[in-house]
Amino acid sequence: MSHPRLIAVACALAWAAEAYAHEDPDEPLDAGAAVDVRPSPEAVFGFDAGTPVDAAALAPTGPDGGSPSLEPADAGAPLGTTVVRSSRAPRSASEVTVTQDVVQAAPRSGATDLLRLVPGLVASQHSGEGKAQQLFLRGFDAVHGQDVELLVAGLPVNEVSHVHALGYADLNWLIPAAVREVRVTEGSYRAFQGDFAVAGTVQYELGLEEPGLTLSASYGSYNRFRLFAGVRPTDAPETFAAVEYVQGDGFGPQRAFGRVSLLGQATLKVGNARLRAVVGSAGARFDSPGVVPQAAVDAGAGFFDVFGLRQGGSTSRHQLLLGAELPHESGRTTLEVCGVLSDLLLRNNFTGYLQHAEGDGLEQQQSNGLVGARAVHRRHFHPFDSLVTLDLGLGGRRDDIHQSQRGYREVDGAPYRDDFAASIVQTAVSAWTEVAWLPARWRFMLGGRLDVLHYDVRDELAFAGAGATRSAFGPHWGLKAGVERALGEAWRLFLNYGDGFRSPQARSLSDGERAPFVHVRGAEVGAAFTTAKVDVRGALFGSYVANDFFFDHTVGTTVYVGSTLRGGAQASVTARPIDGLLLSGSVTGATAHVVQTDSLLPYFAPLVARLDASYSHPFQAWGLAWTPRVGTGLTLIGPRPLPYDEFSRTVFLADVRAALRVGRVELVVDAQNLFDSRWRDGEFVFPSNWNPGAAPSLLPARHFTAGAPRTVAATLEVHL
Amino acid sequence: MKTMMMGLCAVVLASGCGGAGSVQFTTWGEAYIEDKIPVDSMETTGFVDGWELKYARFVVVLSEVTLAKKTGEAGPKQTEAKVVDLVKKGPTDLLSFADVPSGKWDLLSYAILPATSTAASAGAIDAADVERMRTGGLSMFVEGSATKGATTKHFAWPLALNTEYQECTNDDFGEGVTVPNGAQEVVQLTIHGDHFWYDDLQSPDAKLRFDAIASADANGDGEVTLDELAAVQLTALPLGQYGTGSAANVKTLKDFVFSLSRTVGHYRGEGHCHSHAR
Amino acid sequence: MKRVALLLVSLSLAACGGTAQTRRTFPVVVSTVPGPLVTDSGWAVTLSSAQLSLASVRFFSGEALVRRGPLPWRFDPLGWLVPSAWAHPGHYVPGAAMGELLQPLTVDLLAAETPWGTADGVTGTYGSLQLSLGAEGLRLKGTATKGADSVVFDTGSFAPPAAIEGVPFSHVMDTSAGRVRVAVDLAAILSRVDFALVGSGADPLDPASPAFNGFARGVEDSSVYHATWEAAE
């Protein structure tokens, strides 16, 4: 169906639905995400000169239309009783914001738990507590990030042309206690969504929950030890500094890890301008037990056994972002520059001695220096008594990459084979725009995006060490469109279309492997019902990739499958029915097919469900404020298709939290995997041979990585 | 070892506005065909049994150069076979594809096949040699002489085998060819003249030998013919030489040389292709 | 709510379509190619014993580099004599592993047929197989006769140093019932043997002799093994 027809159908549907909706035809469209707020569209966008800055706090200003609040959510709001849960206006049914109370409802020990906040996202940690998770979303196997764009406080997380996997996104340095909200934009329907935003974009915004000083110490199962210190000097949650140190033995052999992370953010008002700075430093070292062959377990090996010595790695990341937000008469402009230095050393052996008599271990190294800049300009117009908004974004990014891969001997870890070494300079310049017209209770959006990529690659080992150079250059165009219709105060209908893309792997361009742009066309129709106490959303989505490929990064093989079709449905609910009770859940069903063979793509997650719930009931006793709190996080992952017509096992995990705060002291007890289920975090099908000298089976076989058993941790937290 | 540096190869990444370029195909026999195959030494790989060989003619019929993509997209295909004598100083221009959509064409194949009457010449080849290939339906004609001490043996072998070389790749240049936008890429189909003289069909440690070939001259006239090769059973040769491994139905020295003739086609120097007998 | 649940269930079941390939098993039997045993040098052979030690058979997607018989539209009068072609010495490309049977077996090739076992495999396009002989390899005993000459021989055990690669087996494997037959062409194995050139002796056969050379080359020759799919009736 062509784009204009899509929009016409949407209009027809909306007109039909309107016949059944109670509405006040004079009520202007509420373009804000705030509940119980009835500002004019101009006020929402901060264009009403008579509205104080407080209302401008509701104005979307960041790259996605959202920004850290200038003021506390309900302080000084001139618009009556207002409970503002988010300063971001969702532009599709699957554009959700997970607030800090949901983040804190259930135990969040690290990045995997933070990723599980995203509706429909499956995060698998298959190589130790320092390697990027493997992500699955909306029918896509995003591997380590190739189909999910991740940002933290505006800093890019995905690494381009990464030695291990395209779009490698290591989030393990993110301190869970410093996550203020999670902005999820599933699909690729917004023009600000860039490289790797094939299945969606997830933005973590930072901030501490409480002002003052917070100190905590935790100790838990398997010698897991954590220290945290955070300071929030003002009432603004987004101005803070925090440091976290975690170490542990791991729940089985060869799983020990340690990491330290510093994060800080500061916002400062200078006149009408708002300045922002984000800084971070982190390092981690981790061991990994490898991947377990199911046949070995069937023959008596342990579920948590090690296959492959000396696996694991180390990472470091140092980052800085400086930004300024400059309001002007008809809008605002945001300018940001950032720099990230990241290093990774990774050792993996998934196949044993299958390919090499010395062992198939691979040692991969990547050093990346990223510098980037971004400008977003937002303004409004009033032609013919209607509102037109224009967003214009410009961005540039340079990645200076040095990467290598070599083979190491299983017996002693000594390197014996150089596979490749490359120096890459990858430059990306982007420009995007969204134009929205808001007549009455409608919002029509049309946008586009241009990304131009430039590669300079030097393959150091080519031509017997003399080196080979190659350069590449090319654009990608993407169309975005959306129609929104408000029915009454609470209901909204959405229809969205977007082109997403994934950039090629530079190294593949240099050594001849084919890795073109992957272009994804996606569409979604959905609805949202939002009141003061509840937010319910539902959406049907689909996407099409013309020339898709399936990359099995465990064995490094690429299979071109032709065109693929993905689709599904998602429903999410966030409710606060009574004071102190929070329920937040989602269910996502998806399917992914190869068009030509009408067969399932392997590894995607057909059914994902997540529920976070918490209840707290503060009271006064003996002159002290008491706040007991309980919470739970439930995860259900349905069987996933594997190669050769197999399916993975269903995973159900229950995490619980119980906390009691008395005055300034809080004791928290967390239990993850409460029922101690023996579950498989990752399941794969590929051949391996761990018996050198024997005649190995070359047929692909089931392998898995063991999920964590029940872990319990106690945390003592002091707030000063 | 030559120091090579790839020229800048501007590639427009696929996004709907790709552009087009051209690909010039050349062929070259390198020093082994243009000059000689020497006696083996520390500096140069050569005949381990003391022979030195010089080609007088090394005529091949190259055709069906084809570009395609693993996605199934078909590209240009050579329709007119070219006859070339690789003894003449090269590289020799073979053909050119113009207006090829720029980008990665990761499947490149070509064939050495029997000439038909329409086969055209390429480079500085004698007209009589071209005519020989056409009238005889030959795909290769190799002529030369090998010398060891005071002994010289001459050979002139017509071959009509049809071999396709598929999925050509080079470890340094990659699979197939990347066609630049608005520019030309040059691709060399390299012919390795030493392959006729290997002493094993499967071992990567095969050596160059000529003793058995020379000894096949049953009538002692200094000319080793294909019929004389066919009369030599491999079982009569010294153990450890002329191993055939899993190769099917290779019994005589002629079978052996014919097998090797299907391995001469290479790609951009030391790159290789999967060869298929047709 | 019920409808929502049904929709979700149906979406989950939508995942029950199957990925492109599926696992299966199939029996493998070993037999010989019937026919007289006459060598290229004119010796008629009568075998008293033929013991073949097998270690494993593996099936691959890669085609053998030989097409049996000339293509009808391109007759190559000399090509069929040299059916194999290697891009470079030692450069057979097997492709993806499709099936395997990894249990050893000693076969009496004079018997009608011997079941080898059940191979594990996956559906898809098969192109070739790789045969690994056991430590004892092949051992033949018998009498070779040519005119008035008669030679009693025992080849002794010969196992090739490497697996026999690239045995053609073209078959699109689905889930239908059937089995693979691996037939050994003893005539082809002995074709190169000239029993007049047995060196120091034929019983046992002198390993330095041209006759043994011919026997060894025959055992290694991939064209002496014929693999076919026999559909169940």
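Draft legend 1. Examining helix 3 (residues 210-220) of chain C more closely. All names here are of chain C. Burial analysis of helix 3 places ten of its eleven residues in the buried class, which makes it a mostly covered element. Taken as a whole, helix 3 has its buried residues at Ala211, Phe212, Asn213, Gly214, Phe215, Ala216, Arg217, Gly218, Val219 and Glu220. Next to the buried residues of helix 3 lie strand 6 (124-146), strand 8 (164-173), helix 2 (186-190) and strand 10 (225-231).

Draft legend 2. Main features of the pattern of salt bridges. Overall, the coordinates contain 62 salt bridges over all chains when judged by the stated rule. Across the pair Glu205 of chain A and Arg183 of chain A runs a salt bridge whose closest N-O atoms are separated by 3.8 Å. Taken together, the residues Glu205 of chain A in strand 10 (residues 200-206) and Arg183 of chain A in strand 9 (residues 179-186) connect sequence positions 22 residues apart. Of the charged contacts, one joins Arg181 of chain C and Glu113 of chain C as a salt bridge, the two residues approaching to 2.6 Å between their closest N and O atoms. Here Arg181 of chain C is found in strand 9 (residues 178-184), whereas its partner Glu113 of chain C is found in strand 5 (residues 113-122), with 68 residues between them in sequence. Taken together, the shared-partner salt bridges in this structure form one network comprising Glu646, Arg649, Glu683 and Arg702 of chain A together with Arg23 of chain C.

Draft legend 3. Quick look at the confidence of the model for chain B. For chain B, the mean per-residue pLDDT works out to 90, and 94% of the residues sit at or above 70. Every residue in residues 1-17 of chain B is under pLDDT 50, and counting partners more than four places away or in other chains gives 46 contacts.

Draft legend 4. Main features of the side chain of Glu220 of chain C. Relative to the helices and strands, Glu220 of chain C resides in helix 3. The side chain of Glu220 of chain C sits in the buried core without any salt bridge; Arg217 of chain C is the nearest counter-charge, 6.4 Å away. Ignoring sequence-local partners within four residues, the contact set of Glu220 of chain C consists of Gly245 and Ser246 of chain B together with Phe158, Pro160, Pro161 and Ile164 of chain C.

Draft legend 5. Local environment of the environment of Ala625 of chain A. Residue and element names in this part refer to chain A. Relative to the assigned elements, Ala625 resides in strand 32 (residues 624-637). The exposure class of Ala625 is partly exposed, given its relative accessible area of 35%. Linking Ala625 and Ser109, residues 516 residues apart in sequence, is a C-alpha distance of 27 Å. Apart from the residues lying within four places of it in its own chain, the contact partners of Ala625 are Phe619, Gln620, Arg661, Val662 and Gly663.

Draft legend 6. Quick peek at unusual backbone geometry. Each neighbour pair has its own omega, and for Gly90 of chain B with Pro91 of chain B the value is 5°, a cis peptide bond. Turning to its location among the elements, Pro91 of chain B is positioned in the loop between strand 4 (82-85) and strand 5 (92-101). A cis amide bond links Asp203 of chain C to the next residue, Pro204 of chain C, at an omega of 5°. Structurally, Pro204 of chain C can be placed in the loop between helix 2 and helix 3. With a phi angle near 60°, Arg310 of chain A is a residue other than glycine that sits in the positive phi range. As for its placement among the helices and strands, Arg310 of chain A is situated in the loop between helix 6 (294-298) and strand 17 (312-328).

Draft legend 7. Expanded view of the state of the cysteines. Residue and element names in this part refer to chain B. In this structure the tally under the stated criterion is one disulfide over all chains. Disulfide partner of Cys168: Cys273, at an S-S distance of 2.2 Å. Where Cys168 bonds to Cys273 through sulfur, the torsion about that S-S bond is close to 105°, and the disulfide is right-handed. Within this pair, whereas Cys168 is found in strand 11 (residues 163-170), its partner Cys273 is found in strand 16 (residues 272-277), the two being separated by 105 residues in sequence. What makes Cys273 buried here is its relative accessible area of 1%.

Draft legend 8. Spatial organisation of the pairing of strand 9 of chain C. All names here are of chain C. Counting buried positions along strand 9 yields six of seven residues, so the element is predominantly enclosed. Note that strand 1 (residues 23-32) and strand 9 share five bridges and pair parallel. Bridging from a neighbouring strand, Val28 pairs with Val180 of strand 9. In terms of strand pairing, strand 9 meets strand 10 through seven bridges, oriented antiparallel. Residue pairing for strand 10: Val182 is matched across the bridge by Ala227.

What counts and how
Residues numbered from 1 in each chain as written. Chains lettered and ligands numbered in written order. Predicted model: local features only at pLDDT ≥ 70, side-chain atom pairs only at ≥ 80, totals over all residues. Heavy atoms only, no water. Buried < 20%, exposed > 50% of the residue type's maximum accessible area, 1.4 Å probe, protein only. Helix = DSSP H or I, 4+ residues; strand = E, 2+ residues; numbered from the N terminus. Contact = heavy atoms within 4.5 Å. Salt bridge = Lys/Arg side-chain N within 4 Å of Asp/Glu carboxyl O. pLDDT = per-residue confidence, 0-100. Lys, Arg positive; Asp, Glu negative; His and termini not counted. Disulfide = S-S within 2.5 Å. Pairing = 2+ DSSP bridges.

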